[in-house]
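# Coordinate analysis (summary)
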Amino acid sequence: MSGPRIMELLFYGWWMVYNGRVQYLEIDFLGGAVGKPGRKLTLLWIAVNELFIMAKLWAGITNGFMFHILLLLLFSVTLLKIPWRVAVAPLVIIGTLYTFIEGYSAVCMYWISRHMGSKVWGVVLQIGISLLLLAVYDGILRLVRRRYSAALQWPVSSYLYVLLFPCGFIVLLVRVGLKLDSGDLERYFSAVGIDTSIAVFLILSGAMVIFLLMIRIFCIIVDQAQRENRMAILNTQLEGQKTYVDEAEQRNREYSKFQHDIHNHLLVLSGLMRERDYEKAQEYVDRLYARSRLLTGTDVIVTGSGVLDVLLREKVSFGMGNGIRVICNVRIPEDFCFDEMDLCIVFGNILDNGIRECMKDPAEDKEISVCTKSHGRFLVIESVNSWTPRSVEEGIGLTNIRNVAAKYQGMAEICSRDGRFSISVLLRTPGKDGVV
């Protein structure tokens with residue numbers, strides 16, 4: 001076997017190793033950025049891509065970039081169990097950065113082919129430049145993951161367009177402008193000449209800086225949005241605590257009044273018993289029992305969360321004190337790891353809104369029901385209350401419920417019809433490691 005043939009085989013072997021390393025960096029960045037390391041499936045991902053590359057070589061296909069990105073998205077959603085809404089931002093970064101690396105590689109390889117007379121040294125230089133570009137690719141991915149992983153885990157929203165549209169334009173401009181997916185790449189560079197190639201290299205460098213600045217801006221915007229959501233939740237918690245204190249003070253005043261009058265109630269009962277008027281005595285006891293239930297609350301509430309128990313007892317008692325029938329059937333499974341404060345935000349706002357609506361309803365038969373169901377790792381919260389038909393405007397309470405649902409990769413839906421208002425909240429419990 002001749003020397004050039006050996007060098008060609010060595011180069012193709014190096015190319016497969018190089019691509020395998022690129023695939024490893026991609027899957028490592030994607031898993032690390034969203035907090036779901038996928039190293040156990042890394043070898044499978046590399047094997048799939050090596051087969052894909054060999055199939056491209058065998059079929060003579062040069063354009064496989066979009067298929068590669070779609071394949072990575074499918075792999076992330078199906079095997080790594082990363083929701084597509086979370087995977088989009090890291091995939092945009094991977095695709096854009098890989099396009100830059102391909103652009104740099106194309107310019108450098110063209111320069112080598114035009115200026116290196118020795119084929120052996122040309123191959124050596126190509127391998128050296130590939131190693132350098134691979135190190136740059138690795139370094140930038142590590143930098144982005146270390147600094148911006150929290151922002152990249154934010155589910156897809158309107159903020160993503162700050163990153164998505166400019167990056168899509170950059171990818172389109174580089175890939176089409178440099179004909180990276182065309183078999184005419186070498187002939188194209190021969191036509192534009194060496195001076196233009198240097199200009200392209202400088203343009204790529206400038207675009208790379210702009211790309212990194214866009215990532216920075218995107219993450220600043222997302223971080224600010226997260227802070228605003230946290231502030232909204234904190235404000236809701238403060239309002240909830242204020243409402244809780246007001247309700248507790250009112251109940252304490254009522255309890256003090258009842259305690260102050262208990263001596264007189266006992267005297268009345270004693271007189272009725274002496275007169276053997278048992279029917280009136282029973283009626284009086286029933287009335288005392290009904291009043292005591294308003295002060296001490298309804299039946300014992302045991303949800304599995306002590307903090308939530310206290311909140312629900314207060315809300316139920318407050319509702320009953322306003323002539324509202326409250327049905328509470330809430331149970332949080334022991335293996336569900338929700339933050340108790342988040343549960344209080346959801347249930348507190350649901351009951352506050354329900355009680356407020358019932359108090360506006362002129363009907364005498366007012367009712368609120370709230371219950372939970374569990375399915376696998378999901379908790380379903382459903383509530384129905386009386387409602388006066390009108391247009392629905394979402395306030396801070398419903399917004400905070402939606403924020404908590406989004407935190408646990410869930411959702412919240414509302415429905416109003418036939419004099420009933422219902423809200424359903426879906427929450428996915430985190431694992432024991434705290435990862436949703």
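As shown above, the structure is provided for reference.
Within any chain, residue numbers begin from 1 and follow the written order of that chain's sequence. Local features in this predicted model are restricted to residues of pLDDT 70 or higher, and side-chain atom pairs are both shown and tallied only at a pLDDT of 80 or more, whereas totals for entire chains, interfaces and linings draw on every residue. Excluded from the side-chain calculation are hydrogens and water; included are all heavy atoms of the structure.

### A few points about the overall build of the chain
Each helix is a run of H or I in the DSSP string that is no shorter than four residues. Each strand is a run of E no shorter than two, and both are numbered from the N terminus. When you go through the chain residue by residue, the secondary structure sums to 11 helices and five strands. The buried share among the 436 residues of the chain stands at 42%. Whether two residues are in contact is decided by their heavy atoms: any pair within 4.5 Å suffices. Look at the contacts in the chain between residues 6 or more apart in sequence, and 72% of them connect residues 24 or more apart. On the chain, roughly 24,300 Å² of surface is accessible, and the fraction owed to carbon and sulfur atoms is 61%. Summary of the burial criterion: residues with accessible area below 20% of their type's maximum are buried, those above 50% are exposed, and those between are partly exposed, where the area comes from a 1.4 Å probe applied to protein chains only. Here, Shrake-Rupley sampling with a 1.4 Å probe gives the accessible areas, and only protein chains in the shown set may cover a residue.

### Points about the packing of aromatic side chains
Pairing of aromatic side chains requires ring centres within 6.5 Å, counting the rings of Phe and Tyr and the six-membered ring of Trp. Pairs whose planes differ by under 30 degrees are stacked, by over 60 edge-to-face, and all others tilted. Under the definition given, this model contains six aromatic pairs. Ring centres of tryptophan 45 and phenylalanine 75 lie 5.1 Å apart, and the angle between their planes is 50°; this geometry places the pair in the tilted category. Placement of the pair is tryptophan 45 in helix α2 (residues 42-59) and phenylalanine 75 in helix α3 (residues 65-78), with a sequence separation of 30 residues. Judged by relative accessible area, tryptophan 45 falls into the buried class, the value being 0%. The interplanar angle of 80° and the centroid separation of 5.8 Å between the aromatic rings of phenylalanine 336 and phenylalanine 338 together place this pair among those described as edge-to-face. Following the ring pairs from residue to residue traces out a cluster consisting of Phe336, Phe338 and Tyr408.

### Observations concerning the sheet that holds strand β4 (residues 411-417)
Spatial ordering of the open sheet is given by β1-β2-β3-β5-β4, a layout of five strands whose pairing is mixed. Where the open sheet ends on each side, the last strands, each with one partner, are β1 (325-329) and β4. Within this sheet the neighbouring strands show an average axis-to-axis angle of 10°, counted without direction. Two strands pair under a simple rule: DSSP has to find at least two bridges between them. As paired elements, β1 and strand β2 (residues 367-375) share five bridges and run parallel to each other. Residue pairing in the sheet places asparagine 329 in a bridge with cysteine 371 of β2. Contacting β4 and β5 (420-428), helix α11 (residues 396-407) crosses the sheet at an angle of about 25° to β5. Axis geometry follows a simple rule: fit a line to the C-alpha atoms, using only the stretch in contact for helices, then measure angles between N-to-C directions, giving values from 0 to 180 degrees.

### A few points about the nonpolar core
For this analysis, a nonpolar core means a set of buried residues of the types Ala, Val, Leu, Ile, Met, Phe, Trp, Tyr and Cys, connected via side-chain atoms within 4.5 Å. With 56 residues, the main nonpolar core has Tyr137 and Phe211 as its most contacted residues. Those elements that place two or more of their residues in this core are α1 (3-33), α3, α4 (84-115), α5 (119-152), α6 (161-177) and α7 (185-274). A total of 17 residues in this core trace back to one element, the largest contributor, which is α4. If sequence neighbours within four positions are ignored, tyrosine 137 has contacts with Val22, Leu25, Glu26, Ile94, Leu97, Tyr98 and Ile101.

### As for the packing of helix α9 (residues 306-321) against helix α10 (residues 340-360)
Relative orientation of the contacting elements α9 and α10 amounts to 10°, with a least axis distance of 10 Å. When the axes of α9 and α10 are compared, the pair comes out roughly parallel. Within the contact between the two elements, α9 uses Gly306, Val307, Leu308, Leu311, Leu312, Lys315, Phe318 and Gly319 and α10 uses Glu340, Leu343, Cys344, Phe347, Gly348, Leu351, Asp352 and Ile355. Residues that form the contact of α9 with α10 fall into these classes: 10 nonpolar, three polar and three charged. Roughly parallel means an angle under 35 degrees; roughly antiparallel, over 145; roughly perpendicular, 65 to 115; everything else is oblique. Charged means Asp, Glu, Lys or Arg here, nonpolar means Ala, Val, Leu, Ile, Met, Phe, Trp, Tyr, Cys or Pro, and polar covers whatever is left, Gly included.

### Observations regarding α9
One fewer than the residue count of a helix, multiplied by 1.5 Å, yields its expected span. Taking 1.5 Å of rise per residue, the 16 residues of α9 would be expected to cover 22 Å, and the 23 Å separating its terminal C-alpha atoms lies within 8% of that figure. Restricting attention to buried positions, one finds in α9 the residues Leu308, Asp309, Leu311, Leu312, Glu314, Lys315, Val316, Ser317, Gly319 and Met320. At the exit of α9 stands glycine 323, carrying a positive phi of roughly 75°.

### Here we look at the pattern of salt bridges
In what follows, salt bridge is the name for a side-chain nitrogen of Lys or Arg lying within 4 Å of a carboxyl oxygen of Asp or Glu. Overall, the coordinates contain seven salt bridges when judged by the stated rule. With its nearest N and O atoms 2.7 Å apart, the salt bridge here joins lysine 315 to aspartate 352. Linking lysine 315 in helix α9 with aspartate 352 in helix α10, this pair joins segments that are 37 residues apart in sequence. Judged by its relative accessible area of 3%, lysine 315 falls in the buried class. Lysine 407 is the salt-bridge partner of aspartate 342, the closest N and O atoms lying 2.8 Å from each other.

### Describing the side chain of histidine 68
For histidine 68, the location among the structural elements is in helix α3. Judged by relative accessible area, which is 8%, histidine 68 ranks as buried. Polar contacts, as used here, are pairs of N or O atoms within 3.5 Å; protein pairs need one atom able to donate a hydrogen and one able to accept it. Residues neighboring in sequence count only if both atoms are side-chain atoms. Polar contacts involving the side chain of histidine 68 include one to the side chain of glutamate 26, which spans 3.0 Å. Sequence-distant contacts of histidine 68, defined by excluding residues within four places in its chain, comprise Gln23, Glu26, Trp45, Asn49 and Phe52.

### Some details on the pairing of β2
Where a strand is regular, its side chains alternate between the two sheet faces. The parallel pair β1 and β2 is bridged by α10, and the resulting crossover is left-handed. Where β2 and strand β3 (residues 378-386) come together, eight bridges link them in antiparallel fashion. Looking across to β3, one finds that threonine 372 is bridged to isoleucine 381. What sits between the antiparallel neighbours β2 and β3 is a turn of two residues, in which glycine 376 has the positive phi angle 65°. Seen with its strands pointing away from the viewer, a crossover is right-handed when the path leading from the first strand over the helix to the second is clockwise.

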